Every structure is written in C-alpha cells, then in structure tokens.
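Residues per chain, in single letters:
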Amino acid sequence: MIINKKLELTYNLSFGVMSKWLTELTKGQALALKCLNCNNVSFPPQKVCGCGSKISSWIKLSGVAKILSKTSGQDGSYAIAKFEGCSSSSVVRLKNFKGLETAGKLTPSSMSNPSIILTPIIR
Amino acid sequence: MVFVTGYHLTEFNRRKDGSSYRDWISETFEASLEMSCMDRKDIDTLIVSSESDFFTLQLNPSTVIADDLGLYNVEALRVEGGGASGQLAVHQGIKSILSNTSENVAVIGFDPSASNLPSETVKKLYSYSFDAWTDGMNEVTATSLYALSIQIFMDETGLDENDLANLTINNRNNACLNPGAHLKLKHTQEEIINSPVISSPYRRLHCSPLSDGAASIILSNKISSKRKTAPSIIGIGSANDKVNLGARDEIGEFTSKKLAMKKACQMAQVLPSEIGFAEVYDAYAGAQFQAINALGLSNNFLKDFRDGVFNLDGKLPINISGGLMGQGAPVGATGVGQTATCAMVLEGNYHDKLQFSLIPKFALADTHGGVGTNAAVSILKSNV
C-alpha cells in the first residue's frame, strides 16, 4: 500500500541579530561585520571572527564584487565572489550574466527571500 | 578495543515494491545480529542515523525503530550530521564502548532518499543543508556548491574533464560487480561528456543518485570464539570547516578531511600509506579526487589515478563498492554502509568478484556532510 500524503508548512522565521543584514540585502545593500580586534571583514557576517573575537561592528560595503569562479547549468548560475572591502569571499547567485563579465553589483531581492544576487558590471 | 562483529547492507536502489524504510532496517539489523552470534537482549545501545525527518515523516525515529527491532531498556538515540550522519553514528558507538558505557552497540543507518519524495523536493530540501540563511535563501543546490569547489581544485591541480569521466566509468564499472548497487551502468566517455550540464563542470552522470536503503553494524567490546576474525575499528577522527565556501581558507580543498584523517591515524597509529583500500565519499566525481588528496592517500593523486593505482586491481583500490556514484546514496546509511563494506572486505566476505584474495591489513571509510564541511573517517584493521 502506498499513501500520498501532503504536508504544507508555513514557517514564521526570525533571524535575531542577523535581521539587519538580511533586511539590507533585500535593498541591495551589503552590510558586513568588521572584527574590532583584527579588522577582518566578513560577508556573510560571522558572529565570531576567526581570531576568536566576538566584538565587531556593522559596516557598509560598496556592494561591488569580483567573480573568482562561476558555475552554470540546469541548476542556475552561481559564483564565488569577493566583495570590495571584504576579507573573504561569498557564494552569490548570478542574474543576467552572459558569460564574460568578471564583476557584479549586489541587487535588491525579495523581502520573502533575501538573497545575495549579483547583476553584471561591464569593466 | 572495538570489534565489528556483525555487518550488513540492504540493496541500495529506488524501491518500487511498496516496502518501507522500517522493513529495510529490520532486514539489515537481523542479518547483522545473526552474524554477530548474539541475541537481541545482548544489545544495550541502539544508535540510528538518518539525515532528515522530511524524508521519513518520522520525528524521534530511534524509539520506533527500537520497538520494531524488539530492543527494550536500551539506550536509543539518533545521530545527524548531514552526509556524515552514518559515520558519525559509528563514531558515537565506538565512543560508547571505549567509555565503558556500552558493551554491544547496534548502529543502523537508513534513508528513503529516493522513493518517499519527488527528486525536485529532495533537491530543494538539500539546499537547506548548507546555511539556510545564506545559501538556502540563494536557492543554491548541492551540485552548484560542489561545482564551485571542484572548479578551483581543477584549476589548482590540472584535473580535467576526462579524469571526471574516467572516474565515473571506474566507479560504475565496480558497481556492476556489486549485486546490491543502484547504478550498475557501463558508460562511455562520450556518454558522460554529452550528458546534460547540471552545474558546470558537473554533468548528470557525474552525480551520485538519490537512493533508498539501510545498513547496519554491531560493535562489541569483545569477540566470542565464533567471531574470532571480526575486524576491529582502531582509529576514528572528525573535524569541520566553515559552511560558507567563500569564507574558507582553501575553497577547493577538503581541509576538514585532512584533520579528521590526522586524528584517526594518530589514534590508530597507522600512516595513510599503510591503508590497503578505501571507501571514500564520492557524492560527485570530483569529490573523490578531493578526498583522496585530503586524506593523504597519495603524494600525486592525479598521476596515480591516471596510472590505475586506485582501480580494482590497482595498488590502492578505492570505492570498489561503486561508491556513492555507483552503489548509491541513501544518506543516513552511507557512512554505516562504507564501514560495513570495509569490514566485509577485511574479513574476506565481500562479493565474489570484488573480494581481494590478499586481504589488506587496514581499510579506510571516509564520509562527509556539506561540501566537505564536517568530515568523519574510520580506520579498520583485519583480524584474519
């Protein structure tokens, strides 16, 4: 016997201290956390820095990122990109990239799905 | 000392016979228990592993499984660590024995990854197994994240598309000799290179399948006269890396695996070069190369691969079961199944066409969750 059972779930998700970061993301603004001990800048923000410090402050990045590696296919287009002013890289979704672009700018995303989406900058 | 006194894997495939994961668990447990020459009353601890309640629609699975298996008044718990769930469950069993809190532990891994939900739904759920607030919101798939990692590894090492195709062929060829394997397929390079691009450089045939299945082992602190040749687990190690690929120091490397292997080798007092064969976590073709490199199984993995060192008849056979790519991947069962496979080979009980006539002394089972995010490895020793 096989039963088809449908389960619908509607979550009310809260994000605590990360709410600020996600809210800015929907506006196309890149907020990062800067460690006040070693000046490391993380985006997406890391609450505890690699140096062990949890004392940090929010800073605003330009939102421009250089693409280091990208992938595309049936599952969409994604990249590892390094945002200006950031110490590490991020996984980003690519929108409207044709294949030759090497940089992008953070673009606004939906309030229901705050995402790190880049649109191309031709340099 | 910890002995693997019983071991078994069900078939890994897409079940179409109306059977349930609870049937597969019963099948694998009863076979392991019989092999261990013990009675169910001898089992004092039940550790189960599965990746997600979404697949089974059963929260707190260890309790219903204990009931199904007739295990009462035992310690029953579930271990979860993404793709590494099964191997971490094995580790938990070993720790229970080494801490003298258990004598005989049943470790059972399972997942109905193929038949209970549509594959598109499973794919979507998997995207929440990375950071749900970043990667999850971006709707990035596991394949895309693995693809970003392997691209960097390929740039750094010279690994190319032909190597990905050849490894796929090797693993699926091995699977053809494994009666319990999911994808018993003979591929050509052309077929692989012309299969659809899921996330470059990964094509459909470079990916492991979603499978149904279960696997089990019985771990014991001593062996009876009937189980004198039961293999032992002499080293375990586990470590993590940052979930966010971009935040890692080495995006193309499985750094967590290096550390896990170092810990396991230290515990076992064994060098990576002493490992005689290995079952490694090949969720994608490239991941097997990343694993071999990180585990230190070769000083020049690419040359060794191209020279056939890791083939079934090579000096260091890897994934003789077919690996995840050929044998299949019911996630929670994978790590337990790899350990069971190592135990079978080390006791001379593996499938006829895959069993080595000269039994190696040491074997390695290597598993990870995420894109090498949490790694767990075990080193087994033959007592034949």
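Every value quoted in this text rests on a predicted model; they were computed, and no experiment measured them.

(A) Looking closely at the nonpolar core. Residue and element names in this part refer to chain B. In terms of nonpolar packing, the biggest core is built from 60 residues, with Tyr 146, Leu 159, Ile 275, Leu 297 and Leu 364 touching the most fellow members. Broken down by element, the residue count for this core peaks at nine residues, all from helix α6 (residues 142–157). Ignoring sequence-local partners within four residues, the contact set of Ile 275 consists of Met 261, Val 270, Leu 297, Leu 316, Phe 362, Ala 363, Leu 364 and Ile 379. The next biggest cluster of nonpolar side chains, apart from the first, holds 37 residues, and it includes Ile 47, Val 79, Ile 217 and Ala 363.

(B) Quick look at the sheet that holds strand β4 (residues 64–71) of chain A. Judged by pairing direction, the barrel is mixed, and its five strands sit side by side in the order β4-β5-β6-β8-β7 (chain A) before closing back on the first. The mean inter-strand angle of the sheet, taken between neighbouring strand axes irrespective of direction, is 55 degrees. Both strand β5 (residues 78–83) of chain A and strand β6 (residues 90–94) of chain A contribute to a ladder of four bridges, which runs antiparallel. Bridge pairing in β6(A) links Ile80(A) to Val91(A). Here α6(B) sits on the sheet in contact with β4, β5 and β6 of chain A, set at roughly 90 degrees to β4(A).

(C) The sheet that holds strand β4 (residues 104–112) of chain B, seen in detail. Residues and elements named next belong to chain B. Pairing in this open sheet of nine strands is mixed, and the strands run β3-β2-β4-β7-β1-β8-β11-β10-β9 from one edge to the other. At either end of the open sheet lies a strand with only one pairing partner, and these are β3 (75–79) and β9 (277–279). Between one strand and the next, the sheet's axes are offset by a mean angle of 25 degrees, whatever the strand orientation. In terms of strand pairing, β9 meets strand β10 (residues 362–369) through three bridges, oriented parallel. Paired with Phe 277 across the bridge in β10 is Ala 363.

(D) Region of the structure containing a negative patch on the surface. Residue and element names in this part refer to chain B. On the surface, Glu 11, Asp 17, Asp 23 and Glu 27 cluster together into a negatively charged patch. Mapped onto the elements, Asp 23 comes out in helix α1 (residues 21–36). Judged by relative accessible area, which is 44%, Asp 23 ranks as partly exposed.

(E) Examining the interface of chain B and chain A more closely. At the junction of the two partners, chain B supplies 31 residues and chain A supplies 32 residues. Approximately 2,500 Å² of surface area, both sides summed, lies buried where chain B meets chain A, with 57% of it carried by carbon and sulfur atoms. The largest contributions to the chain B side of the interface with chain A come from Trp133(B), Met137(B) and Asn138(B), which together make up 29% of the buried area. Taken together, the links from chain B to chain A amount to one salt bridge. Between Lys123(B) and Asp75(A) there is a salt bridge whose closest N-O contact spans 2.7 Å. Where chain B meets chain A, there are 19 residue pairs in polar contact (both at pLDDT 80 or more). Mapped by element, the contributors of at least two residues to the side of chain B that touches chain A are α6 and β5 (197–199) of chain B. A total of seven residues in the side of chain B that touches chain A trace back to one element, the largest contributor, which is α6(B). When grouped by side-chain class, the residues that make up the side of chain B that touches chain A number 15 nonpolar, 11 polar and five charged.

The rules we used
Residues numbered from 1 in each chain as written. Chains lettered and ligands numbered in written order. Predicted model: local features only at pLDDT ≥ 70, side-chain atom pairs only at ≥ 80, totals over all residues. Heavy atoms only, no water. Core = buried A, V, L, I, M, F, W, Y, C linked by side-chain atoms within 4.5 Å. Buried < 20%, exposed > 50% of the residue type's maximum accessible area, 1.4 Å probe, protein only. Helix = DSSP H or I, 4+ residues; strand = E, 2+ residues; numbered from the N terminus. Contact = heavy atoms within 4.5 Å. Pairing = 2+ DSSP bridges. Axes fitted to C-alpha atoms, helices over the stretch in contact; angles between N-to-C directions. Patch = residues over 30% accessible without salt bridge, like charges linked within 9 Å, V, L, I, M, F, W, Y side chains within 5 Å. Areas by Shrake-Rupley, 256 points an atom, 1.4 Å probe, with all protein chains shown as cover. Salt bridge = Lys/Arg side-chain N within 4 Å of Asp/Glu carboxyl O. Lys, Arg positive; Asp, Glu negative; His and termini not counted. Charge placed at Lys NZ, Arg CZ, Asp CG, Glu CD. Buried area = accessible area lost by both parts, 1.4 Å probe. Polar contact = N/O pair within 3.5 Å; in protein donor to acceptor, adjacent residues only side chain to side chain. Nonpolar A, V, L, I, M, F, W, Y, C, P; charged D, E, K, R; others polar.

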